[in-house]
Amino acid sequence: RHALNNATHTLVGKRRDMAKIQSELEKFCELSQNREQDGGQAVFTSEVVVTEGNVVDAILKTALDYECDAIVMGSARHGALSEVVRGSVVKGVLRRSDRMVVVAPPLPKKE
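As the structure is a computational prediction, the values presented were derived from the model and not from experiment.

*Asks:* What am I meant to see in the pattern of salt bridges here?
*Replies:* Where charged atoms of side chains with opposite charge meet at close range, the side chains can pair. Evaluated as defined, the whole model comprises three salt bridges. Of the charged contacts, one joins Arg96 and Asp57 as a salt bridge, the two residues approaching to 2.6 Å between their closest N and O atoms. Here Asp57 lies in helix 2 (residues 55–65) and Arg96 lies in helix 3 (residues 80–96), a separation of 39 residues in the sequence. You can call Asp57 partly exposed: its relative accessible area is 36%.

Quick look at the structure:
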């Protein structure tokens, strides 16, 4: 019974976390679009999608579900462990995607 309660609490917590992540991403996109109107850089999106699972599988499934023409992924220089994790996601998407994949470096920092 204790294990069931723990599992239920964990799953409910994850759903709540996912909803919070989606809400915060939607706020970020809205603020970015408002900033663009004031002369900043724009982030255009019609929908924010938050999902769980294997990262490469989730990216490819989302691209298929939304009939995307291309997948755009960011790339940044980080520590060795981060580079391995992010690099394997980019490589996995590049290997398995039947769509164009664009890997973009971060924008240069403004001084």
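*Asks:* How should the side chain of Ser97 be read in this particular structure?
*Replies:* If you trace the backbone, Ser97 turns up in the loop between helix 3 and strand 2 (100–104). At 2.9 Å, the side chain of Ser97 forms a polar contact with the backbone nitrogen of Arg99. Once you skip the residues sitting within four places of it in the chain, Ser97 turns out to touch Leu60 and Ile71.

*Asks:* Looking at this structure, how should I read the nonpolar core?
*Replies:* Among soluble globular proteins, nonpolar side chains are generally buried collectively. Grouped together as the largest cluster of nonpolar side chains are nine residues: Val56, Leu60, Ala63, Ile71, Met73, Val89, Val90, Val93 and Val101. Those residues within four positions of Val90 in sequence are excluded, and the remaining contacts are Met73 and Val103.

*Asks:* Can you walk me through a nonpolar patch on the surface in this structure?
*Replies:* Together, Val72, Met100 and Val102 make up a nonpolar patch on the protein surface, roughly 280 Å² of accessible area in all. Within the secondary structure, Val102 sits in strand 2.

*Asks:* I would appreciate a short explanation of the layout of surface pockets in the present structure.
*Replies:* Picture a little ball the size of a water molecule; that probe, rolled over the atoms, points out where space is still empty. Space inside the largest pocket adds up to approximately 710 Å³. What lines the largest pocket is a set of 23 residues, among which Glu47, Val49, Ile59, Thr62 and Ala63 lie closest to the centre. Contributions of two or more residues to the lining of the largest pocket are made by helix 1 (2–37), helix 2 and strand 1 (70–74). In terms of residue count, the dominant contributor to the lining of the largest pocket is helix 2 (five residues). For the lining of the largest pocket, the class distribution of residues is 15 nonpolar, six polar and two charged.

*Asks:* Mind showing me how you'd approach the environment of Pro105 here?
*Replies:* Counting through the fold element by element, Pro105 comes out in the segment after strand 2. With 32 residues separating them in the primary sequence, Pro105 and Met73 have C-alpha atoms 8.8 Å apart.

*Asks:* What should I look at first to understand the confidence of the model for the protein in this one?
*Replies:* Low pLDDT means the predicted coordinates in that region are not meant to be read closely. Confidence along the protein averages 74 in pLDDT terms, with 60% of residues attaining 70 or more. Mean pLDDT across the secondary structure elements of the protein bottoms out at helix 1, with 65, and peaks at helix 2, with 94.

*Asks:* How do you make sense of the pairing of strand 1 when you look at a structure like this?
*Replies:* Within a regular strand, the side chains alternate between the two sheet faces. Residues of strand 1 alternate between two faces, with Ile71 and Met73 buried on one and Ala70, Val72 and Gly74 left unburied on the opposite face. Strand direction decides the pairing type here: strand 1 and strand 2, joined by five bridges, are parallel. Across the sheet, residue Ile71 finds its bridge partner in strand 2, namely Val101.

Scoring rules and cut-offs
- Residues numbered from 1 in each chain as written.
- Predicted model: local features only at pLDDT ≥ 70, side-chain atom pairs only at ≥ 80, totals over all residues.
- Heavy atoms only, no water.
- Salt bridge = Lys/Arg side-chain N within 4 Å of Asp/Glu carboxyl O.
- Helix = DSSP H or I, 4+ residues; strand = E, 2+ residues; numbered from the N terminus.
- Buried < 20%, exposed > 50% of the residue type's maximum accessible area, 1.4 Å probe, protein only.
- Polar contact = N/O pair within 3.5 Å; in protein donor to acceptor, adjacent residues only side chain to side chain.
- Contact = heavy atoms within 4.5 Å.
- Core = buried A, V, L, I, M, F, W, Y, C linked by side-chain atoms within 4.5 Å.
- Patch = residues over 30% accessible without salt bridge, like charges linked within 9 Å, V, L, I, M, F, W, Y side chains within 5 Å.
- Areas by Shrake-Rupley, 256 points an atom, 1.4 Å probe, with all protein chains shown as cover.
- 1 Å grid on protein atoms, 1.4 Å probe; cavity = no way out; pocket = protein on both sides within 12 Å on 5 of 7 lines; lining within 4 Å.
- Points joined across faces, edges and corners; volume = space filled by probe spheres on them.
- Nonpolar A, V, L, I, M, F, W, Y, C, P; charged D, E, K, R; others polar.
- pLDDT = per-residue confidence, 0-100.
- Pairing = 2+ DSSP bridges.

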